Amino acid sequence: MDLDSMIVGAGVSGLYMLHRLRGLGHATVVLEAGDGIGGTWYWNRYPGARCDIESLEYSYSFSEDLQQEWHWPDRYSLQPDILRYVNHVADRFDLRRDVRLATRVTRATFDEVARRWTIETDTGSVLTATYLIMATGCLSVPRVPELEGLEDFGGRWYHTGAWPHDGVDFTGRRVGIIGTGSSGIQAIPIIARQARHLTVFQRTPNFSVPAWNGPLDPDVEASFKADYGANREIARRSDSGTTLEASTTPTHAMAPEVAKAELERRWAQGGFNMELVFADETTDANANAIVAEFARRKIRDRVKDPAVAALLCPTDHPFATKRLCVDTDYFETYNRDNVTLVDIRAEPIARATPAGVRTAAREVALDDIVFATGFDAMTGALMAVDIRGRGGQSLRAAWAAGPRSYLGLMVAGFPNLFTVTGPGSPSVLSNMMTSIEQHVEWIAACLGHLRDRHIRLIEPSAETEQRWTDHVREVGDQTLYPRANSWYMGANIPGKPRVFMPYVGGVGAYRTICEGVAEHGYEGFALAS
Ligand code: NA7
């Protein structure tokens, strides 16, 4: 099958990409490994799975009718509600007929003579297309760590990012969960309410802020929708891709009592508001320490047993330099009689046994193990495909020392290959919806530009790629982010290069750069007809 373009992944970005490329008149298909559409929201069905960007902003903005008509039940949406929304969008814009499900792309090769991509799949089909768009997501390759003896474990085990579709009943069972990132922190309170006993194996305590979730207030909804267009524009020009109001005042310009009141005000707003208390919160260690200590004090307030509270207090990384978690009753869950916290830095897990898990200090009897151990983030899904560019060079080799790109959109040596929210773009540091729409619209405009000028080939020069990759690193180095062993840094995957992968310059500033590049005839890219 010969196509104009091919999209890999039928999540939020791939589906919108399809819509826009149809608008250009492209013959295009979406190849999707899952049996259904929705990407992240298709796979992550663990108990409590919820978005921590507010519903009114974690939604497409491209259709005014859609955004006005859709009603979100909660301030922060549950996974089933988001999946229902994605399916609604697919039906409303008639997207399904060009999506091929249960088809995993295994290899993509650029043919320099034909100037086309050849794509091979695990179903044996081979397709060719002029343009290849990877819409494979930033958190889509779940990672189960090596755990000796897991094959002999007599119970059931699951990963949060590949959860069974008919759900899991933990009633009456002794459950162990490994991992206290966003997924663990969302799942733990829910599983604890159902299970006979829950043992949490914690390697690193994480900062978490209450969501204060609840039904979406009809007045908030009405007033946000009354100015939906203007609100979206604020989000597009912001740092975070949301309308959350960021402080412009650095700590030293705030009197201590003002700072204290501000911390409490932000805490009462909940969620990512806590990242926006001081203008220098993620760049100045002293400013950050104030927020970190405030957040630790809240943990001590929420957890009754001081020894357990101490174990739950993060001390090894600055506030929000690992992705900030947003919770409902997370810390309070440790006040329950049926929940035990095990610090696996003090007593590492030695192995799984037929009856449970053995640590250096004890044997924990378990019926079920839940891995909330995260993903090979940002590069994992791209590197999972054997992508070959000019001269047969592989993306895996090109990125062996860390990802390189121009704008997180294209890679030198890989003509006509686009990455939606690729490493080197704001992506995971932002509201993904805002960043996805910006990338999809930029790519569609770019392909329209090429079509109108009968240009067949686009590729960044090696120099521009180097300059952008250096810029991403330099901007990252001005922040506290590189101080944490986070998945932003690739630190959660043994052997992965330690590189800060997202672009921290801000969604609005990044958008302006992308717009400038396009306005100057795709500056930094080589175009050939
Ligand atoms: P994260 O944020 O990567 O969290 C994974 C958690 O699992 C984290 O607490 C890790 O501890 C822990 N982990 C990972 N490997 C191990 C091993 N081998 N042993 C013990 N503990 C381990 O993934 P999530 O799914 O929670 O969240 C991913 C993103 O999805 C989230 O940020 C949102 O954007 C949505 P560590 O901190 O590495 O010591």
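None of these values were measured; they are calculated from a predicted model.

Draft legend 1. Expanded view of the overall build of the chain. Across its full length, the chain holds 15 helices and 20 strands. When burial is assessed residue by residue, the chain has 57% of its 529 residues classed as buried. Sequence separation of at least 24 residues holds for 71% of the intrachain contacts in the chain that already meet a minimum separation of 6. Accessible area for the chain stands at about 20,800 Å²; split by element, carbon and sulfur atoms hold 51% of it. In the chain, 54 positive and 66 negative side-chain charges are present, and the distance between their average locations comes to 3 Å.

Draft legend 2. Looking closely at the side chain of T128. Note on placement: T128 falls in strand β6 (residues 126-134). In terms of polar contacts, T128 uses its side chain to reach the side chain of R116, at 3.2 Å. Dropping the residues within four chain positions of it, T128 is found in contact with M1, D2, L3, R116, W117 and T118.

Draft legend 3. Representation of the side chain of S208 in the model. Locating S208 in the fold gives a position in strand β10 (residues 208-210). A polar contact of 3.3 Å, which involves the side chain of S208, links it to the backbone oxygen of C325. A polar contact is formed between the side chain of S208 and the side chain of D327, at a distance of 2.7 Å.

Draft legend 4. Structural detail: the packing of aromatic side chains. By the definition in use, this model includes 30 aromatic pairs. Look at Y406 and F525: their rings are 4.8 Å apart centre to centre, the planes differ by 50°, and that puts the pair in the tilted class. With Y406 in the loop between α12 (395-398) and β18 (417-419) and F525 in strand β20 (residues 525-528), this pair connects stretches of sequence that are 119 residues apart. Accessibility assignment for this pair places Y406 and F525 in one class, buried. With centroids separated by 6.1 Å and ring planes inclined at 80°, the aromatic side chains of Y488 and F500 adopt a geometry described as edge-to-face. On the criterion of sequence distance, the pair formed by Y488 in the loop between α14 (462-477) and α15 (507-519) and F500 in the loop between α14 and α15 is long-range, its members being 12 residues apart. Here Y488 and F500 have matching classes, each one buried. Counting every residue linked through ring pairs, the aromatic cluster contains Y16, Y60, F62, W70, W72, Y85 and F93.

Draft legend 5. Layout of the pattern of salt bridges. For the structure on display, the rule yields 39 salt bridges. D386 serves as the salt-bridge partner of R107, at 2.7 Å between the closest nitrogen and oxygen. One end of the pair, R107, is in strand β4 (residues 105-111); the other, D386, is in strand β17 (residues 386-388), and 279 residues separate them in sequence. A relative accessible area of 31% means that R107 is categorised as partly exposed. Among the charged side chains, a network of salt bridges with common partners joins R22, D94, R97 and D98.

Draft legend 6. Representation of the environment of T118. Looking at where T118 falls in the secondary structure, it is placed in strand β5 (residues 116-121). As a C-alpha pair, T118 and M6 span 112 residues in sequence and 9.9 Å in three-dimensional space. Other than its neighbours up to four places away in sequence, T118 contacts R107, A108, T109, V126, L127 and T128.

Draft legend 7. Inspection of the sheet that holds strand β16 (residues 368-371) at higher detail. Read from one edge to the other, the open sheet built from 5 strands follows the order β7-β16-β8-β9-β12, with strand pairing classed as parallel. The two strands at the open ends of the sheet, each matched to only one other strand, are β7 (156-159) and β12 (339-343). This sheet shows a mean twist of 20° between the axes of neighbouring strands, independent of strand direction. With 4 bridges connecting them, strand β8 (residues 174-178) and β16 associate as parallel partners. Bridge assignment links G176 to a residue of β16, and that residue is I369. Most of the contacts of helix α5 (residues 182-194) go to β8, to which it runs at about 170°, and overall it touches β8, β9 (197-202), β12 and β16.

Rules behind the numbers
- What you see as residue numbers is a count from 1 along each chain, following the sequence as written.
- Whole-chain, interface and lining totals are the exception, using all residues; otherwise, since this is a predicted model, local features are given only for residues with pLDDT of at least 70 and side-chain atom pairs are given and counted only at 80 or more.
- The basis for every side-chain value is the complete set of non-hydrogen atoms in the structure, without hydrogens or water.
- Where helices and strands are cited, they refer to DSSP runs of H or I of at least four residues and of E of at least two residues respectively, numbered from the N terminus.
- Exposure is judged per residue with a 1.4 Å probe applied to protein chains only, and the accessible area is read against the type maximum: over 50% gives exposed, under 20% gives buried, and values in between give partly exposed.
- We call two residues in contact when some of their heavy atoms are within 4.5 Å.
- Note that accessible areas follow from Shrake-Rupley with a 1.4 Å probe, and for residues the cover is restricted to the protein chains shown.
- As used throughout, the charge tally considers Lys and Arg to be positive and Asp and Glu to be negative, leaving His and the chain termini uncounted.
- Note that the charge is assigned to NZ on lysines, CZ on arginines, CG on aspartates and CD on glutamates.
- Contacts described as polar in this section are N or O atom pairs within 3.5 Å, which, within protein, must combine one atom able to donate a hydrogen with one able to accept it, while residues neighboring in sequence count only if both atoms come from side chains.
- Aromatic pairs are defined between Phe, Tyr and Trp rings, using the six-membered ring for Trp, whenever the two ring centres lie within 6.5 Å; interplanar angles under 30 degrees are classed as stacked, those over 60 as edge-to-face, and all others as tilted.
- By definition here, a salt bridge exists when the distance from a side-chain nitrogen of Lys or Arg to a carboxyl oxygen of Asp or Glu is within 4 Å.
- At least two DSSP bridges between two strands are required for those strands to pair.
- Fitted lines through C-alpha atoms serve as axes, helices being fitted only where they are in contact, and the angles separating the N-to-C directions of these axes extend from 0 to 180 degrees.

Geometry only, nothing functional implied.
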